[in-house]
Amino acid sequence: MGTPGDRLREQRDRLGHSQTSFGELVGVTKKTQMLYESNQRLPKSDYLIAAAEHGVDIQYVLTGEVTGKTGDSGEFGIPNGSLQGTLPVPMYDIEAAAGAGRLFDAEMIESTFYLPVELFQADAVDPAQVVGVTARGDSMGDTIRDHEQVLVNRARRTPDGVFLLRMGDELRLKRVQRVAGGAWILISDNPAYERELVQPEDVEIIGQAWRKVGRVF
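Residues numbered from 1 in each chain as written. Predicted model: local features only at pLDDT ≥ 70, side-chain atom pairs only at ≥ 80, totals over all residues. Heavy atoms only, no water.

Caption draft 1: A look at the overall build of the protein chain. Counting its regular elements, the protein chain contains 6 helices and 9 strands. Scored against the burial criterion, the 217 residues of the protein chain give a buried share of 45%. For the protein chain, the proportion of contacts with a sequence separation of at least 24, taken over those separated by at least 6, is 59%. (Helix = DSSP H or I, 4+ residues; strand = E, 2+ residues; numbered from the N terminus. Buried < 20%, exposed > 50% of the residue type's maximum accessible area, 1.4 Å probe, protein only. Contact = heavy atoms within 4.5 Å.)

Caption draft 2: Fine view of the nonpolar core. Tyr-47, Phe-120 and Leu-151 are the most contacted members of the largest nonpolar core, which totals 25 residues. At the level of secondary structure, the elements contributing two or more residues to this core comprise helix H2 (19–26), helix H4 (45–53), helix H5 (58–63), strand E1 (86–93), strand E2 (109–116) and helix H6 (117–122). Residue contributions to this core peak at 5 residues, all from H4. Listed in part, the 14 residues of the second largest apolar core include Ala-135, Val-162, Leu-171 and Leu-173. (Core = buried A, V, L, I, M, F, W, Y, C linked by side-chain atoms within 4.5 Å.)

Caption draft 3: Geometry of the packing of aromatic side chains. Following the criterion strictly, the structure yields 2 aromatic pairs and no others. Ring centres 4.7 Å apart and planes at 65° place the aromatic pair Tyr-36 and Tyr-47 in the edge-to-face group. With a gap of 11 residues between them, Tyr-36 in helix H3 (residues 30–37) and Tyr-47 in helix H4 connect regions that are remote in the sequence. With a relative accessible area of 2%, Tyr-47 lands in the buried category. Stacked on the ring of Tyr-193, the Lys or Arg Lys-174 has its end atom at 5.6 Å from the ring centre. (Phe/Tyr/Trp six-rings, centres within 6.5 Å; stacked < 30°, edge-to-face > 60°. Lys NZ or Arg CZ within 6 Å of the ring centre and 35° of its normal.)

Caption draft 4: Spatial organisation of the pattern of salt bridges. Enumeration over the complete set of coordinates arrives at 10 salt bridges. Between Asp-13 and Arg-12 there is a salt bridge; the shortest N-O distance is 3.4 Å. On the basis of relative accessibility, which here comes to 7%, the residue Arg-12 falls in the buried class. For Arg-175, the salt bridge goes to Asp-189, with nearest N and O atoms at 2.7 Å. Remark: Asp-189 occurs in the loop between strand E7 (184–187) and strand E8 (196–198) and Arg-175 occurs in strand E6 (residues 170–178); sequence separation between them is 14 residues. Judged by relative accessible area, Asp-189 falls into the partly exposed class, the value being 27%. (Salt bridge = Lys/Arg side-chain N within 4 Å of Asp/Glu carboxyl O.)

Taken by themselves, the reported measurements are silent on function.
Given below as structure tokens:
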């Protein structure tokens, strides 16, 4: 199980951050992050709150118990007694998840992101319907950058907005708009890419892009 510092380092590694980059996210220096991970200093409450907002399972760091590990299920399957904690969201590589018949297979989970329960409740989102994907390419410009992680709400499949789509064997993140006559326009926020006019039967909407990791958009 290790020490709180060991578990904090484990959580940072799971999220793919260096001590410097994670420190920048939560408002501390690399040295402070290093002191926390080596158990030479105890994290302050504002640090723990910021870390939870960026995916760290604080209950696990402090106690060694994974949030939501035990207990009866409440609304949206949230374990009773864990409403101040976080819930796991499986993260998939969008390239690995592509391909006919291979969508969100357990074998393709590359990591797990922990999101505060309050965020699900505030947007009335069912955690069981949320998955994460790692974006590839620059077609969405600054809206979704290459290698950014996006949380997708599979319960929302009606345009308009930014959606994860399947087209043939390919998974794509695109802005979808309905036009007269029933067709859809697929829009890349990067102006270097042309808009595409498609028929709904040629596209499967997997879900709406709900949040980027650590930031609402």
